[in-house]
Amino acid sequence: TWLGGGLHFSAAVAGGKVFTWGKAEECGHGLGESAPPILEPRAVEGLPEIRSLRCGGSHTLACSVAGDVFVWGCGLTYQLGNRPRDSANPADIDDDPTDELRPYRISSKQLDTRFVLLADGGAQHSVELAWEERYADPKVEAEKESQETAKAVLTTPAADESEPPAKKRATEPEANRVPAEPQIAEQEPKAEQESSAPEASASADGMPLLLLGADTSGQWKCDTCSLRWDAKLTKCKACESFRPGLSEEDIAAMKAEEERRRQEDIAKFTGSATAAK
């Protein structure tokens, strides 16, 4: 049993039958505007066995056990789906919609091969949840997914040839790397060379940088991302892996030191925030 109501009427389904009461022209009993209101629940005639019932603002939708939808009430905004009344003969498709004083079974090509599970409505619209009466075949779905995956692989664009050479060397396997050709620079005074040498291995803030295409002496290679780093670094700046060869005790000590510094930074921040208050 389900109870529902519109603006000027109420409806209930019990034992497969629909009962309505309220404003006469919206109750589905064939009564017009001049008829007095229906004061007691009255069974709606002309309906098969109904399993679900919903009400819009001024119309009703009933779903039968066979999967059909029956509607009645106000159809001013096409909420009854009665244009055309017969999808096989759409001669009235351009006519203005009308009200339905008695239950009307919706005729639609989209619903001819579907089972309507539920139909509901609002103030000026209706909506149906329909089922095609078939289940998905796992084998067919798996084959379809495999075909879509293969298609995606085939349509994947090739790597951008405009990618920076340094990035290519950093990401390609070690075995495929081609040694960089030595660059011949103009001879500079010795003093100037010495002053510019530290810039090759340090950034503006003094942090060691990744060295690519240069002499690998004094560098170590990360076991995780295969990038090479200055020997002064104990941790990879790309993946944060520790330098190979460090003992577990050394790594534990470094992690403890990082945590200590992190807690100090947090304390400074919280302390300044408390002082500001």
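These remarks concern the structure in this document. (Residues numbered from 1 in each chain as written. Predicted model: local features only at pLDDT ≥ 70, side-chain atom pairs only at ≥ 80, totals over all residues. Heavy atoms only, no water.)

When their charged atoms lie close together, side chains carrying opposite charge are able to pair. Enumeration according to the criterion identifies 10 salt bridges in this entry. Between E257 and R261 there is a salt bridge; the shortest N-O distance is 3.1 Å. Of the two residues, E257 and R261 both sit in helix α4 (residues 248-276), four residues apart, roughly one turn of that helix. You can call E257 partly exposed: its relative accessible area is 27%. (Salt bridge = Lys/Arg side-chain N within 4 Å of Asp/Glu carboxyl O. Helix = DSSP H or I, 4+ residues; strand = E, 2+ residues; numbered from the N terminus. Buried < 20%, exposed > 50% of the residue type's maximum accessible area, 1.4 Å probe, protein only.)

With antiparallel pairing, four strands are arranged side by side in an open sheet as β5-β6-β7-β8. The open sheet is flanked by β5 (50-55) and β8 (100-105), the only strands paired with a single partner. Across this sheet, the average inter-strand angle for adjacent strands is 15°, counted without regard to direction. (Pairing = 2+ DSSP bridges. Axes fitted to C-alpha atoms, helices over the stretch in contact; angles between N-to-C directions.)

What follows covers the nonpolar core. Considering soluble globular proteins, one finds that nonpolar side chains tend to be buried as a cluster. V18, V44, L47, I50, L53, A62 and W72 are the most contacted members of the largest nonpolar core, which has 14 residues in total. Elements that contribute at least two residues to this core include exactly β2 (9-14), β5 and β7 (69-73). (Core = buried A, V, L, I, M, F, W, Y, C linked by side-chain atoms within 4.5 Å.)

On the secondary structure map, F242 appears in the loop between β12 (228-230) and α4. Given the relative accessible area of 17%, F242 is considered buried. With 20 residues separating them in the primary sequence, F242 and C222 have C-alpha atoms 7.8 Å apart. What F242 contacts, discounting residues up to four positions off in sequence, is W220, T234, K235, I251, M254, K255 and E258. (Contact = heavy atoms within 4.5 Å.)

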